[in-house]
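Given next are the chains, with one letter for each unit.
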Amino acid sequence: MLLFAGLFALANCVSAQKKPLDHSVYDGWQSIGERKISPDGKWVVYTVNPQEGDGKLVVQSANGVYAKTIDRGYNATIVADNKFLVFRVKPFFKDTREARIKKKSPADMPKDTLGVLLLGTDSIIRYTKFKTFRTPEKNSAWLAVHLDKAPADTAGRKRNGTAANPAVDSLKKVIDSLTLIINTQAESGKKKKRNRDEDALFSFATDSTLPNKRIEEGTELLLRNLFTGEEKKFPFINEFLFDEKGTVLVMEVTPNKKDSTSQLHINWLDLASGQAKTIFSKANDIKSYAFDKAGNQLGFIVEKDSSAKALQKFYHLYHYTKGTDSAVLRANRFTTGIPSGFTISENANINFSENGRSMFFGTTPIRAPKDTTLVDFETARLDVWHYADDYLQPQQLKQMNTELNRSYMAVLSKDASTVLQLGSPELENVMLVDEGNAPFVLASTNKEGRIAAQWTGRSISKAYLVSLKDGSKQLVKDKHKGFFQVSPKGKFVVWYNLPDRQYYAYETATGTTRNISSKISFPLYDTEDDHPDDPPSFGLDGWFEEDAAVLINDMYDVWKVDPTGKTAPVAITGGVGRKNKTILRVVNFNREERFIKNNASLILEAFNRTTKYGGFYKLSPNSKAPEELVMGPYSFSTPLKADSAEQYIVSRMNIKESPDVFSSTNLASFTKLSDLNPQQQDYNWLTVELVKWKMFDGKTAEGLLYKPEDFDPKKKYPVIFYFYEKNADGLYTYKTPAPSASTVNIAYFVSNGYIVFDPNIYYKTGQPGEDAYNSVVSAAQYLATMPWVDAKKMAIQGQSWGGYQVAYLVTRTNMFAAAGAGAPVANMTSAYGGIRWGTGLNRQFQYERTQSRIGATLWERPDLYIKNSPLFTANKVNTPLLIMHNDEDGAVPWYQGIEYFTALRRLGKKVWMLQYNGEDHNLVERRNRKDLSVRLGQFFDHYLKGKPAPVWMTKGVPAVDKGKTWGLEIE
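Residues numbered from 1 in each chain as written. Predicted model: local features only at pLDDT ≥ 70, side-chain atom pairs only at ≥ 80, totals over all residues. Heavy atoms only, no water.

From N to C terminus, the chain includes 17 helices and 55 strands. Against the globule reference of 30 Å for 971 residues, the chain gives a C-alpha radius of gyration of 32 Å, in line with a compact fold. By its C-alpha atoms, the chain is 85 × 75 × 70 Å across when sized along the principal axes. Counting only residues that meet the buried cut, the chain has 51% of its 971 residues in that class. In the chain, the share of contacts with a sequence separation of at least 24, taken over all contacts with a separation of at least 6, comes to 56%. By element, 50% of the accessible surface of the chain is carried by carbon and sulfur atoms, the whole surface being about 45,300 Å². (Helix = DSSP H or I, 4+ residues; strand = E, 2+ residues; numbered from the N terminus. Rg over C-alpha atoms; globule rule 2.2 N^0.38 Å. Buried < 20%, exposed > 50% of the residue type's maximum accessible area, 1.4 Å probe, protein only. Contact = heavy atoms within 4.5 Å. Areas by Shrake-Rupley, 256 points an atom, 1.4 Å probe, with all protein chains shown as cover.)

All right, on to the packing of aromatic side chains then. One pass over the full model with this rule turns up 42 aromatic pairs. Taken together, the aromatic side chains of Tyr748, Phe749, Tyr754, Trp912, Phe939, Phe940 and Tyr943 make up a single cluster linked through ring pairs. Here the basic side chain of Arg333 rests over the ring of Phe314, its NZ or CZ set 3.7 Å away from the ring centre. Directly above the ring of Tyr525 sits Arg501, whose terminal nitrogen or CZ lies 4.6 Å from the centroid. (Phe/Tyr/Trp six-rings, centres within 6.5 Å; stacked < 30°, edge-to-face > 60°. Lys NZ or Arg CZ within 6 Å of the ring centre and 35° of its normal.)

Before going further, it helps to spend a moment on the pairing of strand E11 (residues 219–225). Across the seven residues that make up E11, a large majority, seven, are buried. Sheet topology note: the strand E10 (residues 142–147)/E11 ladder contains five bridges and is antiparallel. Bridge assignment links Leu143 to a residue of E11, and that residue is Arg224. Of the pairings in the sheet, the one linking E11 to strand E12 (residues 231–242) comprises five bridges and is antiparallel in character. Each bridged residue has a counterpart across the sheet, and for Leu221 the counterpart in E12 is Phe234. Connecting the antiparallel pair E11 and E12 is a turn made up of five residues, with Gly229 showing a positive phi of about 80 degrees. (Pairing = 2+ DSSP bridges.)

Between its terminal C-alpha atoms helix H16 (residues 926–945) stretches 27 Å, which fits the 28 Å expected from 20 residues at 1.5 Å a residue. One or two residues past the end of H16 sits Gly946, with phi positive at roughly 75 degrees. (Expected span 1.5 Å × (residues − 1).)

The next point concerns the sheet that holds E12. The antiparallel open sheet is built from seven strands, whose spatial order is E9-E10-E11-E12-E13-E14-E15. Bordering the open sheet on either side are strand E9 (130–134) and strand E15 (276–281), each of which pairs with just one other strand. Put simply, the sheet's adjacent strands are angled 40 degrees from each other on average, direction ignored. In this sheet, strand E14 (residues 265–270) lies alongside strand E13 (residues 248–253) in antiparallel orientation, the contact comprising six bridges. The partner of Val248 across the bridge, within E14, is Asp270. (Axes fitted to C-alpha atoms, helices over the stretch in contact; angles between N-to-C directions.)

Attention shifts here to the pattern of salt bridges. Side chains that differ in sign of charge can pair as their charged atoms come close. Evaluated as defined, the whole model comprises 48 salt bridges. The residue Asp434 makes a salt bridge to Lys489 at a minimum N-O spacing of 3.5 Å. Of this pair, Asp434 sits in the loop between strand E25 (429–431) and strand E26 (440–445) while Lys489 sits in the loop between strand E29 (485–486) and strand E30 (492–497), and the two are 55 residues apart along the sequence. A salt bridge links Asp931 to Arg935; the shortest N-O distance between them is 2.5 Å. Taken together, the residues Asp931 and Arg935, both in helix H16 and four residues apart, mark about one turn of the helix. Here Asp931 falls in the buried class, since its relative accessible area comes to 13%. For Arg935, a relative accessible area of 7% puts it in the buried group. (Salt bridge = Lys/Arg side-chain N within 4 Å of Asp/Glu carboxyl O.)

The next subject is the pairing of E26. With six of six residues buried, E26 is to be regarded as a mostly interior element. By the bridge criterion, three bridges tie E25 to E26 in an arrangement that is antiparallel. Opposite Asn429, over in E26, you have Ser444 as the bridge partner. Pairing between E26 and strand E27 (residues 460–467): six bridges, direction antiparallel. Bridge pairing in E27 links Phe440 to Ser467.

With mixed pairing, eight strands are arranged side by side in an open sheet as E46-E47-E49-E48-E50-E51-E54-E55. Each end of this open sheet is capped by a strand with a single partner; those strands are strand E46 (686–694) and strand E55 (911–914). Put simply, the sheet's adjacent strands are angled 20 degrees from each other on average, direction ignored. As defined by bridge partners, strand E54 (residues 881–884) adjoins E55 across four bridges and the pair is classed as parallel. For Met884, the partnering residue across the bridge sits in E55 and is Leu914. Strands strand E50 (789–799), strand E51 (818–822) and E54 of the sheet are contacted by helix H11 (residues 801–809), whose axis makes an angle of about 135 degrees with E50. On the sheet, H16 packs against strand E48 (717–722), E50, E51, E54 and E55 and is oriented at approximately 155 degrees with respect to E50.

Structural measurements only, silent on function.
Here it is, written out as structure tokens:
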């Protein structure tokens, strides 16, 4: 018995000796980056990335037989019938760092390498000095690599144009010896019939128009057949494009300056036959290449008339059809149907309808060229603000490039000679319907509501159906607060109407509008939304085939709704969500499938609002209710599914488990694939629990209580309260140790002997400051009754809206030993009319309708703005306050932090302000994040643990010492 007691004591001792996290751990802490699963479900690919340093690309077979790690690999694509992986490899982090130290130019910085892996093997070939690569969207044998070098001399090349490449020869031998592996792919061992002739030699017809001399503009394009290993290099290529299925490669070939007869031209290469032909030549510039879905048509725009220095350039729309001699001119600014004063836009994409019958493109107003006779230093520079402008000047300036590049959709039918203009400055947003197959488009504008958006914060829109036959318009809905959604086949336009909180469907064939949700017996809007505005809906979850039904969400369940109103709505989730307080939502695995098949099984993401458990349900065809697959103390990511197999990958996490990658065949049981952060076991980690307490108004609140892994109830712990709005639903969210962008890193502080409490904030209209007091201070008083809490060593910290609440709370209570406020609003009266410089938007709507929740204008209720502004009661502050407010803050005006700091400074209060140069609302640069993390630790350690204060707190850092010392040392 004594032996077991001794072992138990030893185990506790070992646990207690785990290291606290320090600031050095951040760089090596890992996370999953990109995740992919092959269409056949046999291969899983993901990246494991440290926060700073060299990551890795992991390739695994779903059955666990095969695994390969590629150091520094990323940006992976599974191609060629699930047989190959194409990926990039970053340079070593240390090499890039060294190059930055030496201030090398972009051209001299270390470059990526391109790799091609034969899945199931260790065979990789690599390409260096390349610009980019492309593969067809659908499975195909082709890879095109645009090399970052001019064409080599013909010496050393085979006469047929295939480059002599030892790596190619080596891999070809490997491919020859691994034919069986290619066909079996580590699974059944049964040979599959090859769907293409892999042994056929790949040859190209020589095109006499292809230049073969070294030039400066274009570089070599290497085209590789992944199955055969054969390669072909094409010189002087500027741009290239595969069609979706990989049947055609289009190449833009630059002229050879040493050959006066050569010209910029386009080559069309048929990949099956190897036949290449020139389909267009004689141009200065070519842009906006686009194939139709079948790969039989190509659209592009051309500028061919002006000099290189011309101030105005006019583009022409060209069209090529497979089998014809060359591309033909379809439209320019003189074509009938192009509005007067308009031309072909160089900034718009070209899109073909799915059936290939229509080609959509953009037109744009012809803008006057810049007057080169004006002298910059003699001309006035100003912005004129006008009361009738639809957007304020700052927003106009932010959107200026968008407006200068704006285009308006137009269409040409297959044999038409007349352009049909669809969009216009009065109807600027145009959406294709049924992938362009419908006889109309949906066009909308929000022009009439732009001025009011300054204080409403909402888009006021109207929408029309615009005919592709004659351009006639049919009004769908006017003065709508929100957006429109068109059904996949274009039979209905649907919207959520905020005032009456119902869904409506407009039937495009009849022009009839119906309320389609009135018979649903539960609210379709967020009944718990606490903003002084119309509450948002819970959204739509998709359409069934032929637009037969749409899925509409209530808080918990999903309803199948007939848009014609003939059939009553049915809860396809059978009320299971509401019964179990579990939110159920349909997962859309394939974005290319625009509708749900009538007999399809559905996977539903699930979140239990009571337990905070995450999981999945399955709804089988003809079932009256879904069955639970898994629910547990985890948070899951949205799963990825193989296109043609019941194979999934998903990330799963909780407070103790990093969000690793798991595979599953049923989303009920899971196989762990990755193993992030094994070093975590060496550190004193954290636990979390859901806590409930009564606020001052008598209502029950929720919050998250974080304790150290080695928590001892006999000890007294300092407490930091961190908060924003409501975070309790994140009970099973992993907390990554990372340098701070603006807030306390919970993992770091808890590991170092703090308790962190994150209380939900519950709001009413007109009193956000007092609501924070009701929620946070009640939580602090509740926690102060715990024997393991040091009630004299409690602090608060928050950023942005949380920073405002901190700034307010220290005017209302002295119970906190220290406080940290990031980017706080101190004076609502001056902030109310300010600008969010990141977007150019005025801030009025925030105070009246959204986060600040005042619910009235400044002139209607000045008392509420003053009462909720901490600046006006700054004289009551006795809590040492650390402010962070950066000089490029685009969300909360920087002067808000300055107003509060200067007021507290004048009053003789203990206050500091950290201003990171050139930084926005939250820190972006990692060097600054690391610095802030150290300072937050030092600040709270001093006031909550009694540690010595650093120099920056005791003496500051004078401007004359900036860049020489940072004041982090302890005297």
